[in-house]
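Chain by chain, the residues run as shown.
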Amino acid sequence: PPRQPYVVNGQTYPLDEWSNTPPSILSKVNRNIHLLPSHPISILRQIVQDHFSSHTALTPSTPIVSVHQNFDELGFPPDHPGRSLTDSYYLNREYMLRTHTSAHEVESYRRGLDKWLLSADVYRRDEIDSSHYPVFHQMEGTSVWPIDQLHTLPELNAQLAAQLEKCPLLIEDETTISPSNPYQKHHDPVHAEQITRHLKHSLNSLIFRLFGQQATKDGEPLRVRWIEAYFPFTTPSYEVEVWWEGEWLELLGCGVVMQKTLDQAGVPDKAGWAFGLGLERLSMVLFSIPDIRLFWTQDPRFHTQFSAGKITTFKPYSRYPPCHKDMSFWLPPGTMSPDPDAGVAGVAGGKGRAFHENDYCEIVREVAGDLVETVTLIDEFSHPKTSRQSKCYRLNYRHMDRSLSNEEVNELQQKVQDRVVEEMGIEMR
Ligand code: PHE
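Residues numbered from 1 in each chain as written. Predicted model: local features only at pLDDT ≥ 70, side-chain atom pairs only at ≥ 80, totals over all residues. Heavy atoms only, no water.

## A closer look at the UniProt feature "domain: Aminoacyl-transfer RNA synthetases class-II family profile" (unreviewed entry) in the protein chain
Phase 1 of the analysis: Using the residue numbers shown here, the UniProt feature "domain: Aminoacyl-transfer RNA synthetases class-II family profile" (unreviewed entry) corresponds to residues 44-300.
Phase 2 of the analysis: Helix and strand shares over residues 44-300 are 28% and 28% respectively, and the end C-alpha atoms of the span are 20 Å apart. (UniProt positions renumbered as here; feature names shortened; annotations may be inferred. Helix = DSSP H or I, 4+ residues; strand = E, 2+ residues; numbered from the N terminus.)

## Details of the state of the cysteines
Phase 1 of the analysis: Applying the stated criterion across every chain, the model contains 0 disulfides.
Phase 2 of the analysis: Note on Cys-323: no disulfide assigned, nearest cysteine sulfur contributed by Cys-392 at a separation of 15 Å.
Phase 3 of the analysis: Cys-361 provides the cysteine sulfur closest to Cys-392, a residue in no disulfide bond, and the two sulfurs are 14 Å apart. (Disulfide = S-S within 2.5 Å.)

## Comments concerning the pattern of salt bridges
Side chains that carry opposite charge are capable of pairing whenever their charged atoms lie near each other.
Phase 1 of the analysis: Summed over the entire model, instances satisfying the criterion amount to 23 salt bridges.
Phase 2 of the analysis: Notably, a salt bridge pairs Arg-388 with Glu-427, separated by 3.3 Å at the nearest N-O pair. Residue Arg-388 is located in the loop between strand E14 (372-382) and strand E15 (389-397), and its partner Glu-427 is located in strand E16 (residues 427-428); the two are separated by 39 residues in the primary sequence.
Phase 3 of the analysis: Here Arg-388 falls in the partly exposed class, since its relative accessible area comes to 23%.
Phase 4 of the analysis: On the accessibility criterion, Glu-427 (41% relative accessible area) is partly exposed.
Phase 5 of the analysis: Put simply, Arg-419 and Glu-423 hold a salt bridge, and the shortest N to O gap is 2.8 Å. Of this pair, Arg-419 and Glu-423 both sit in helix H11 (residues 406-424), 4 residues apart, roughly one helical turn.
Phase 6 of the analysis: The exposure class of Glu-423 is partly exposed, given its relative accessible area of 23%.
Phase 7 of the analysis: Taken together, the shared-partner salt bridges connect Asp-291, Arg-293, Arg-319, Glu-373 and Arg-398 into one network. (Salt bridge = Lys/Arg side-chain N within 4 Å of Asp/Glu carboxyl O. Buried < 20%, exposed > 50% of the residue type's maximum accessible area, 1.4 Å probe, protein only.)

## Some details on helix H2 (residues 40-51)
Phase 1 of the analysis: With 12 residues, H2 extends 17 Å from end C-alpha to end C-alpha; this agrees with the ideal 16 Å at 1.5 Å per step.
Phase 2 of the analysis: Where burial is concerned, most of H2 is hidden: 10 out of the 12 residues are buried.
Phase 3 of the analysis: Considered for burial, the residues of H2 that qualify are Pro-40, Ile-41, Ser-42, Ile-43, Leu-44, Arg-45, Ile-47, Val-48, Gln-49 and His-51. (Expected span 1.5 Å × (residues − 1).)

## Notes on the sheet that holds E15
Phase 1 of the analysis: Strand order in this open sheet of 4 strands is E14-E15-E13-E16, and the pairing throughout is antiparallel. The open sheet is flanked by E14 and E16, the only strands paired with a single partner.
Phase 2 of the analysis: With 9 bridges connecting them, E14 and E15 associate as antiparallel partners. Within E15, the residue paired with Val-372 across the bridge is Tyr-397.
Phase 3 of the analysis: Most of the contacts of H11 go to strand E13 (residues 323-330), to which it runs at about 20°, and overall it touches E13, E15 and E16. (Pairing = 2+ DSSP bridges. Contact = heavy atoms within 4.5 Å. Axes fitted to C-alpha atoms, helices over the stretch in contact; angles between N-to-C directions.)

## Things to note about the site of the ligand
Phase 1 of the analysis: With respect to spatial proximity, 14 residues lie near the ligand, and among them His-100, Ser-102, Arg-124, Gln-138 and Gly-276 are the closest.
Phase 2 of the analysis: Between the ligand and Arg-124, the relevant distance is 3.1 Å, taken from an oxygen atom to a side-chain nitrogen or oxygen of the residue.
Phase 3 of the analysis: Contact between the ligand and Gln-138: an oxygen atom at 3.1 Å from a side-chain N or O atom of the residue.
Phase 4 of the analysis: Calculation on the ligand without its partners gives an accessible area of 330 Å², and the protein chains cover 88% of this total.
Phase 5 of the analysis: Elements with a contribution of two residues or more to the shell around the ligand: strand E7 (135-146), strand E11 (247-257) and strand E12 (270-278).
Phase 6 of the analysis: With 3 residues, the top contributor of residues to the shell around the ligand is E12.
Phase 7 of the analysis: Counted by class, the shell around the ligand contains 5 nonpolar, 6 polar and 3 charged residues. (Near = heavy atom within 4 Å. Polar contact = N/O pair within 3.5 Å; in protein donor to acceptor, adjacent residues only side chain to side chain. Areas by Shrake-Rupley, 256 points an atom, 1.4 Å probe, with all protein chains shown as cover. Nonpolar A, V, L, I, M, F, W, Y, C, P; charged D, E, K, R; others polar.)

Now the structure itself:
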């Protein structure tokens, strides 16, 4: 846990028992890779913006939001697992790093904006591997209409449908309106149906814009699948997936904005839809980028490959060799099986609570930063007599921009070891 109050962009945040944001994470706060003109994340942002050309593009100035904005005003229940200290980064009990761009919905509606798009960095505590990184990027997009304008939707929808007819697109949509995914009771079902239709047409055409060219090269149509989902701030809610290289790839979450959200923003006489799209996974598949950490490299061999407005295939350059080290340890005595929700009760710090892999990974990242490529559980063991549990993790190190020496790696490994012993109460084997 940190010792001095956080100071971010000139603002001081006093510490309390919720403070769990490490400096390595705060150092990402002003990088803004989604705004570098020829960065893949930014290229996709721009394509989405071009697609929704009548939407106002917003870029919030800081990722720090209140817990109220990130969760409460969007209707997240008090015991929602996303609120846990093992899943989110808190500055203190009142402020946190946003975990999704939806944190800016209410303030944007409050500004009177009906059609807006927002791109931003979001933060979630997570495992470490080639597709997970604690900082990533999302785009939020919404269209809301004054209720007395909703009668214009059927015509708009007919136009959108006619354009989609011309695209080689196979939409698999078996979603239904049901008690588990209902229209809102304040909505005229005819209106809700038209909003849902507009949402589906708008996103299907966005997905065709992003994937169409590459996916339909072999003459097969692009397959898009709509499935029922649940979000506290939309209903009905959906997730959208695209068929890509033999797998369904989850792209985004969306739905009809909960009327409560609009009421809180002081615009109770509007209704519409919202979506949230993750940019990293999308960039990895569209640009063939094999490792999420490449988005953060400063290596010109990465950056010179991309240019604004173009989706091109990344050509891997030779990477420096990896080096792995294993670490075996006993969990603190009395630790039962890992509890994924440990921390909900608001107990910060590692000591005295169940072992959680995210806490372990966090310390690894703290010490080794981007030098650690993967942390993999390779062995688990429960002592037959004492029933004490042990785990063995393999830490794989690699530098993006140079070779690592064995001594250097040993030193990192030792530091990780010292810290996990000190902070997590575990014992090396
Ligand atoms: N914020 C949601 C997420 O991060 C996505 C979402 C956005 C869902 C807008 C519905 C509407 O998973």
